[in-house]
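This is what each chain is made of:
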Amino acid sequence: MLEFDDVLAARERVAETARHTPLDYSHTFSRMTGAEVHLKLETFQRTGSFKIRGATNRIETLSDEEKEAGVVTASAGNHAQGVALAATRSGVDSKIVMPKHAPISKVRATQSYGAETVLHGEDYDDAAERAHRIEEEEGRTYVHAFDDEAVMAGQGTIGLEILDDLPEVETVVVPVGGGGLISGIATAVKGRNPDARIVGVQAEGASSVADSLQKGSVQTLESVDTIADGIATRSVGRRTFEVIESRVDEVVTVSDSETAVALAYLLERGKTLVEGAGAVSLAATLEGKFEYDDDEVVVPVLSGGNIDMNMLTTVIMRGLVETGRYLKIRTVLKDRPGSLRELLDVIAEAQANIYAIQHDRTSRDIGMNATEVELDLETRGPEHVDELLESLRESGFDVEVLV
């Protein structure tokens, strides 16, 4: 099993490639939670993700013959970029298999770091199957995204940095997909401070670790469905599960809506762009998914910032909806002069701002003497939404909330 000395050795190998990323105290999130929240910003890591650490450590441990033959791996995006850059810096040829629907930004970034990319399958597991065939056909070394002790050790250097910068840390909160990141961090943190707590966070739509811990053995999900594509794996690794069982104190899950809210807060209040997988640790902290004391020193690891622009738009909108900042409604008006003005007067009186309005007399769902109106509104929070809806209904409008 992975040991503390393995992480210490990895630190020497990755030092020239991986950055020592900032640990930033957040006044905003500390005030919101009552804890002392410090954000570990792997969003500022090279390639925009922690994955460069494990990839570099693995490639640096290859023999000369293995380096000559090249490497292959499978990844939804972040591990792909890490392997591509680490391999290129070491003069090693790399081939990366990515799911067909991997964010185009991550595909292009992987290619820009010098790798050949192959798009195959619906998710990480399908891509991994194809990558293993390439491994056999071409004699390349497979660099596993998480279930490899050298990779796990490389990721664990994050834990060493947290302890160096904040020795008094009490709880480290870590995103979990296949388990490589949390295995490395838990080994590093527990190796130096056994009393520190490690909390893992999974997306509800990809909760293989939580299910495996409950049943006492590695479980494989039939499918995954989450905006946190970086942790959307159907199964935890065999090696990582062993470490998680022995060194991780608790694993919790968050919904996509909770993740979207955390991401929106990070953008608006923290001025930090984080991908879904990287935001789950803060989401769990903000939502109180695990217990912590007032003023407890908590470090959510923001593991990456490589979010596709189309996904970013969707996630921001979801975050605005969940925090009561955006509302889409539908109502039916009498088709007569002044009826729309009456509706808009109520909205204006409630101090809501109109983003867009659609006025349709031709809908088959309404009477011949009626018109359907849909409005996109900017609101100021859940209480404001409730007040607006109450005002509309008191004024005689039958309102349907669409979003």
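Residues numbered from 1 in each chain as written. Predicted model: local features only at pLDDT ≥ 70, side-chain atom pairs only at ≥ 80, totals over all residues. Heavy atoms only, no water.

Undergrad: Please provide a residue-by-residue account of the overall build of the protein, values included.
TA: What the protein contains, in helices and strands, is 17 helices and 14 strands. Along the three orthogonal principal directions, the C-alpha set of the protein runs to about 80 × 50 × 40 Å. When each of the 403 residues of the protein is scored for burial, the buried share is 57%. Carbon together with sulfur atoms contributes 43% to the accessible area of the protein, which is approximately 17,400 Å² in total. Computing the positive centroid from 40 side-chain charges and the negative centroid from 71, the protein places the two 4 Å apart. (Helix = DSSP H or I, 4+ residues; strand = E, 2+ residues; numbered from the N terminus. Buried < 20%, exposed > 50% of the residue type's maximum accessible area, 1.4 Å probe, protein only. Areas by Shrake-Rupley, 256 points an atom, 1.4 Å probe, with all protein chains shown as cover. Lys, Arg positive; Asp, Glu negative; His and termini not counted. Charge placed at Lys NZ, Arg CZ, Asp CG, Glu CD.)

Undergrad: Break down the nonpolar core for me, citing the residues and quoting the values.
TA: By size, the foremost hydrophobic cluster in this structure holds 32 residues, and its most contacted members are L39, V201, L266, L282, F290 and L302. Elements with a contribution of two residues or more to this core: β2 (36-41), β8 (197-203), β9 (250-254), α13 (256-268), α14 (276-286), β10 (297-302) and α15 (309-322). If one sorts the elements of this core by residue count, α14 sits on top with six residues. Not counting residues up to four positions away in its chain, the partners in contact with L282 are F29, L39, A262, L266, P300 and L302. Counting 26 residues, the second-largest nonpolar core is a separate cluster that includes V176, V209, V248 and V251. (Core = buried A, V, L, I, M, F, W, Y, C linked by side-chain atoms within 4.5 Å. Contact = heavy atoms within 4.5 Å.)

Undergrad: Would you mind going over the layout of surface pockets in detail, with residue names and values included?
TA: A volume near 730 Å³ is recorded for the largest pocket. Lining the largest pocket are 42 residues, and of these A76, D229, G230, I231 and A232 sit closest to its centre. For the lining of the largest pocket, the elements supplying multiple residues, two or more each, are α5 (78-89), α10 (180-192) and α14. (1 Å grid on protein atoms, 1.4 Å probe; cavity = no way out; pocket = protein on both sides within 12 Å on 5 of 7 lines; lining within 4 Å. Points joined across faces, edges and corners; volume = space filled by probe spheres on them.)

Undergrad: Would you mind going over the sheet that holds strand β6 (residues 141-142) in detail, with residue names and values included?
TA: Strand order in the open sheet formed by four strands is β5-β4-β3-β6, with parallel pairing between adjacent strands. Of all the strands in the sheet, the pair left with one neighbour each is β5 (116-119) and β6. Here strand β3 (residues 71-74) pairs with β6 via two bridges, running parallel. From the neighbouring strand, V72 faces β6, where its bridge partner is Y142. (Pairing = 2+ DSSP bridges.)

Undergrad: How would you explain the environment of T28 if you had to name every residue and give the values?
TA: Note that T28 resides in helix α2 (residues 27-33). Residues T28 and I366 lie 338 residues apart in sequence; the distance between their C-alpha atoms is 47 Å.

Undergrad: Got a sec to walk through the pairing of β5? Specific residues and values, please.
TA: Inspection of the sheet shows strand β4 (residues 94-98) paired to β5 by four bridges, in the parallel sense. Counterpart to M98 in the pairing with β5 is L119. Once the chain exits β4 it traverses helix α6 (residues 104-112) before rejoining the sheet at β5, and the crossover so formed is right-handed. (Right-handed = clockwise from strand over helix to strand, strands pointing away.)

Undergrad: Explain the sheet that holds strand β12 (residues 353-360) to me, using residue names and the numbers behind them.
TA: Read from one edge to the other, the open sheet built from four strands follows the order β12-β13-β11-β14, with strand pairing classed as antiparallel. The sheet terminates laterally at β12 and β14 (400-401), the two strands that pair on one side only. The pairing of strand β11 (residues 326-334) with strand β13 (residues 370-378) spans nine bridges and is classified as antiparallel. The residue of β13 that forms the bridge with L327 is L377.

Undergrad: Pulling in residues and values, what's your account of unusual backbone geometry?
TA: A positive phi angle, near 70°, is found at D295, a position not held by glycine. Structurally, the position occupied by D295 is in the loop between α14 and β10. D295 sits in the exposed class, given a relative accessible area of 58%. Notably, Q351 is not glycine yet its phi reads approximately 65°, a positive angle. With respect to the helices and strands, Q351 occurs in the loop between α16 (339-349) and β12. A relative accessible area of 56% places Q351 in the exposed class.

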